[in-house]
Protein chains: 2
Amino acid sequence: MSDSTIKANWIAVDWGTSNMRAWAMSASGTVLAEACSDKGMGQLSQDQFEGVLLDVVGDWIAGPTTIVACGMVGSRQGWVEAPYAAVPCPTIPDGFAHAVTRDAALSVHVIPGIKQMNPADVMRGEETQISGFLARNPNWDGVICLPGTHTKWAHISAQEVVSFQTFMTGELFATIAEQTVLQHSIAVDGWDKDAFLAGLDTALARPERLASRLFSLRAEGLLHGLDGASARARLSGLLIGAELAGSKPYWLGQQIAVIGDSGLSRLYVDALATQGAPATQVNATSVTLAGLTAAYQRLKG
Amino acid sequence: MSDSTIKANWIAVDWGTSNMRAWAMSASGTVLAEACSDKGMGQLSQDQFEGVLLDVVGDWIAGPTTIVACGMVGSRQGWVEAPYAAVPCPTIPDGFAHAVTRDAALSVHVIPGIKQMNPADVMRGEETQISGFLARNPNWDGVICLPGTHTKWAHISAQEVVSFQTFMTGELFATIAEQTVLQHSIAVDGWDKDAFLAGLDTALARPERLASRLFSLRAEGLLHGLDGASARARLSGLLIGAELAGSKPYWLGQQIAVIGDSGLSRLYVDALATQGAPATQVNATSVTLAGLTAAYQRLKG
């Protein structure tokens, strides 16, 4: 529950598959309070969203309140489907979806995701982060990398998303480390920067050998006593290296910003640096909030 | 249980992680009977192997009997560790391990696996299939592909394994299809040959984009209604295509034999054919048995 003395002018919500975060905003756009819940979209049926929202932000509400939400809450399996806008398009596209609520004081608007028809690709949530970054960096052209479960690379020009490409790198890392024979070779945590850089080099040089390099982690554990933390870091290097090889047409010679979890973003910035590609690391939460604020301002006209 | 009227001269056993198969052999090397069990190495502790073996082959035994086994039964977690021989080496290396048994009539010999120190790699079971293939094709030089959970490519010259390379293609296919977001897009069965060939072409042309092409399967399901059977076949094509790109130094310009499950082997033969590389498909069971027979002859020799 949130602080009952705070009353929000409007409320910003980032509602993903696994979690939701909410911010009570003042009329001038400052954060009065924040709260979060582990009730992500993935575990909710359509009629449960309003109850979860009120559990988290109910105390902030005094009278009619606008709520602006981004993320998987707008997917077909979410609260209300906010259809994808097609590239090229502004980062906050038209077509906010309006979620039906039992509580008449709530006016819930969900930001559309963005789709690309060919090659087929979708994003939902990242468009708001990009929008927040551009709100803070007007007229910025270049490429934005958003590392995560499904890492996105987006080409930005003239305040629009021109094209983008998703790599399943984060999900592959987790799945390979936990669900394959490599689970016996890879530690749950720990790190080895040299092993990360070695994996990166290997994959950038011969990305087509990925499935073979993966098995090497197992064989090196058996034959050379490769330790679990080094295996973990090398796996990360191999997968990020293969991604950088595949995304090279995006980042080569471009201005680059990396938006995401700070530890993971640092790996991408370090990896790009080895390729002579300097990148700026950007705090994800702050641009998410800036994007939700830009959407609110757009809504209010 | 096996036919109690059959008495074996010796017994051949292929004992892998998930299953075991046994054959009652005559003195002249013909198969008198066969039996199998789902009690693979993966679910047995060291003291359980003898009991399982006797459950399967006990009726074939009348007096002292030699048993020759290959596969994960010889791993550190198996019945008795049969240390790896290092390449280059004969396909049936020296150093059979002898499993201790309570039943004095049993003389159990386990065939060593093969290791490669750099790049680190291991095989256990496949060496016996290669040996059986070479017993039937003396003086054959070339490359043998053994598709499966961990597909092996082995360079054979002068009856020896010169080098080999393992790709985790089969395990990646199963894990990606069942444990990632793609589980919503990929059917449990069904096939689409054109989609397989399209995936193959895509991955052979740009193997470094694999993690991105995987996400495309999800996005094409959402945006273009890609059906689950086509997605399944395309995933298989993408992974086998990436493997063929990575294993090209092995197979290019070589005589090729493919040993494995008939459906999966057919995919590899078809895939290699698109690259102008004709390959011979070989029945796995028959060469496993030929390899176990060669090992028995060597033991008695």
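Residues numbered from 1 in each chain as written. Chains lettered and ligands numbered in written order. Predicted model: local features only at pLDDT ≥ 70, side-chain atom pairs only at ≥ 80, totals over all residues.

A. How the structure looks around the relation of the copies chain A and chain B. If you rotate chain A by 180° and push it 0.0 Å along the axis, it lands on chain B with an RMSD of 0.1 Å. Given the turn and translation reported, the copies of this chain are related as if by a two-fold rotation axis. Among all residues of chain A, the one whose C-alpha sits closest to the rotation axis is A:Glu208, at a distance of 2.9 Å. A share of 100% of the interface residues of chain A reappears at the interface of chain B, consistent with the copies meeting face to face through the same patch. (Least-squares fit on C-alpha atoms with pLDDT ≥ 70 in both. Contact = placed C-beta atoms within 7 Å.)

B. Layout of the sheet that holds strand S8 (residues 106-110) of chain B. Residue and element names in this part refer to chain B. If you trace the 6 strands from one edge of the open sheet to the other, you get S3-S2-S1-S4-S8-S7, paired in mixed fashion. Both edges of this open sheet fall to strand S3 (31-37) and strand S7 (97-99), since each of them pairs with a single strand only. On average, each strand axis in the sheet is inclined to that of its neighbour by 25°, with strand direction left out of account. The pairing of strand S1 (residues 10-15) with strand S4 (residues 65-70) spans 5 bridges and is classified as parallel. Bridge pairing in S4 places Trp10 opposite Thr66. Packing of helix H1 (residues 49-57) onto the sheet brings it into contact with S1, strand S2 (20-25) and S3, and relative to S3 it is tilted by some 130°. (Pairing = 2+ DSSP bridges. Helix = DSSP H or I, 4+ residues; strand = E, 2+ residues; numbered from the N terminus. Axes fitted to C-alpha atoms, helices over the stretch in contact; angles between N-to-C directions.)

C. Spatial organisation of the domain arrangement of chain A. Residue and element names in this part refer to chain A. Segmentation of chain A into domains returns domain 1 (1-116) and domain 2 (125-286). Of note, the centres of domain 1 and domain 2, computed from C-alpha atoms alone, are 29 Å apart. At the interface, 14 residues of domain 1 touch 12 residues of domain 2. Sorting the residues of the side of domain 1 that touches domain 2 by element identifies strand S6 (89-90) and strand S9 (114-117) as the ones contributing at least two each. Its residues assigned to classes, the side of domain 1 that touches domain 2 comprises 9 nonpolar, 5 polar and no charged. (Domains from an automatic or database assignment. Nonpolar A, V, L, I, M, F, W, Y, C, P; charged D, E, K, R; others polar.)

D. Expanded view of the pairing of strand S15 (residues 279-283) of chain A. Residues and elements named next belong to chain A. By the bridge criterion, 5 bridges tie strand S14 (residues 256-260) to S15 in an arrangement that is parallel. By the bridge assignment for S15, Gly260 is matched with Asn283. Once you follow S14 into helix H8 (residues 262-274) and on to S15, the crossover reads as right-handed. (Right-handed = clockwise from strand over helix to strand, strands pointing away.)

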